[in-house]
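In case you want the letters, here they are:
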Amino acid sequence: MEALITGIHHITALASDPQKNVDFYTGILGLRLVKKTINFDAPDVYHFYFGDEIGSPGTILTFFPFPGARKGQKGVGETTYTAFSVPKDALPFWQERLTRLGFTLSTELERFGEKLLRFEDHDGMGIELIATATDTRRGWTGGPIPADFAIKGFHSATLNLRAHQLTADLLTEAMDYRLIGEEKNRLRFGTAGNPGDLIDIVINQPASRSVQSAGTVHHIAFRTENEASQREIQQRLWHYGQQVTEIKDRNYFQSIYFREPGGILFEVATDEPGFAIDEPVSELGQKLKLPEWAEPHRQKIEKSLPPIQVSPSNPTVE
């Protein structure tokens with residue numbers, strides 16, 4: 001049977017200062033700001049999407065920035081580390097760059113035979129860069145990072161749980177994942193087993209629960225091809241016993257939401273229609289884009305949002 005879920009679509013986190021958020025992910029990590037819009041459920045809050053040139057599914061890290069928000073706390077029931085894929089020989093470049101810019105890095109780590117660096121952004125968001133030779137995707141090269149070192153997209157995401165079995169069953173029985181590796185207290189699941197579709201479960205018991213605020217992941221979204229495949233997934237999840245929302249229109253994709261047994265919010269999002277439906281690819285992320293229902297309130301919304309500076313080429317903040 002053909003898989004309906006094919007990997008990670010996007011990961012959404014919370015942030016504090018909007019300008020610092022844009023500066024870090026474009027100017028330091030070299031991602032492209034592909035969409036500047038609003039939180040559809042809270043229109044006085046930005047929603048930023050960072051990714052490759054067109055915001056391909058599997059590359060998109062998004063943020064809801066709440067000015068003045070306190071830092072959250074890592075713990076169980078959370079996606080604690082978001083891992084990006086970089087070229088095999090890119091880690092020395094990133095180690096030098098991040099150290100020079102004042103970030104504290106982990107000592108060199110290795111996981112399932114691949115080396116990685118671990119650090120946190122200005123809000124405490126857990127980021128990993130994993131060097132891999134198997135990722136054929138092309139990262140965004142219109143920013144400050146040369147092509148030989150550019151982030152290609154997601155590698156994997158780590159779910160921090162007290163117990164794994166119910167979540168593992170959900171992934172393998174209802175979400176097209178399979179167990180592909182085990183290392184210490186870490187279980188790895190994949191659809192095809194490639195960077196961009198990998199989910200790790202770390203068993204952390206006992207541990208305090210996470211506190212969601214700036215620097216923590218709000219939800220992780222899995223990708224499916226279109227609305228038809230999404231409806232099949234929705235039906236499958238209902239039959240599995242999950243409480244799944246109705247399909248929600250997010251303009252650039254359609255979404256359904258549910259919580260996995262460990263409490264982490266999951267989403268299934270469609271690959272279609274993508275981010276170029278309301279502005280040219282060459283101008284992605286430059287203007288505030290609003291859904292049709294919010295356009296009549298544009299003036300009020302723009303006044304409620306702090307101004308941010310975005311360069312067309314997303315230059316380095318150095």
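Note on numbering: residues in each chain are counted from 1, in written sequence order. It should be noted that, the model being predicted, local features are given only for residues of pLDDT at least 70 and side-chain atom pairs only at 80 or more, the latter also being counted only at that level, while totals for whole chains, interfaces and linings use all residues. Computation of side-chain values: all heavy atoms of the structure, hydrogens and water removed.

### Observations concerning the overall build of the chain
To qualify as a helix, a DSSP run of H or I must reach at least 4 residues; to qualify as a strand, a run of E must reach at least 2; elements of each kind are numbered from the N terminus. If you tally the helices and strands in the chain, you get 5 helices and 16 strands. Here the C-alpha atoms of the chain give a radius of gyration of 19 Å, agreeing with the 20 Å that 2.2 N^0.38 yields for 318 residues. With the C-alpha coordinates aligned to their principal axes, the bounding extent of the chain is approximately 50 × 45 × 35 Å. When contacts within the chain are restricted to residue pairs at least 6 apart in sequence, long-range pairs at least 24 apart make up 68% of them. Positive charges come from Lys and Arg, negative ones from Asp and Glu, while His and the chain ends are left out of the count. Think of each charge as sitting on NZ of Lys, CZ of Arg, CG of Asp or CD of Glu. Each charge class in the chain was averaged separately, 33 positive and 42 negative side chains, and the resulting centres sit 5 Å apart. For the radius of gyration, the atom set is restricted to C-alpha positions; the globular benchmark scales as 2.2 Å times the number of residues to the power 0.38. Note on contacts: a residue pair qualifies if any of its non-hydrogen atoms lie within 4.5 Å across the two residues.

### Some words on the sheet that holds strand E4 (residues 60-65)
Here the rule is simple: two strands pair whenever DSSP picks up at least two bridges between them. With mixed pairing, 8 strands are arranged side by side in an open sheet as E2-E3-E4-E1-E13-E16-E15-E14. Either end of the sheet is taken by a strand with one partner, and the two such strands are strand E2 (32-39) and strand E14 (248-249). By the bridge criterion, 5 bridges tie strand E13 (residues 217-224) to strand E16 (residues 265-270) in an arrangement that is parallel. By the bridge assignment, Arg-223 is partnered in E16 with Ala-269. The strands touched by helix H4 (residues 227-240) are E13, strand E15 (254-259) and E16; relative to E15, the strand with the most contacts, the crossing angle is about 15 degrees. Comment: axis = line fitted to C-alpha atoms, over the contacting stretch for helices; angle = value between 0 and 180 degrees taken between N-to-C directions.

### Brief notes about the sheet that holds strand E5 (residues 78-87)
Taken in spatial order, the 8 strands make up an open sheet running E6-E7-E8-E5-E9-E12-E11-E10, and their pairing is mixed. Because the sheet does not close on itself, it has two edges, and the strands there are strand E6 (109-111) and strand E10 (178-183). In this sheet, adjacent strand axes meet at a mean angle of 30 degrees when their direction is disregarded. Pairing geometry for strand E11 (residues 186-190) and strand E12 (residues 198-203), over 4 bridges, is antiparallel. When the bridges of E12 are listed, Leu-187 appears paired with Ile-201.

### What about the pattern of salt bridges?
Take a side-chain nitrogen of Lys or Arg and a carboxyl oxygen of Asp or Glu: if they are within 4 Å of each other, that pair is a salt bridge. On inspection of all chains with the given rule, the structure shows 16 salt bridges. The shortest N-O distance in the salt bridge between Glu-128 and Arg-111 comes to 2.9 Å. You can see Glu-128 sitting in strand E8 (residues 126-132) and its partner Arg-111 sitting in strand E6, a full 17 residues away along the chain. This pair shows no difference in class: Glu-128 is buried, exactly as Arg-111 is. Each residue's exposure class comes from its accessible area (1.4 Å probe, protein chains only) as a fraction of the maximum for that residue type: buried when under 20%, exposed when over 50%, partly exposed otherwise.

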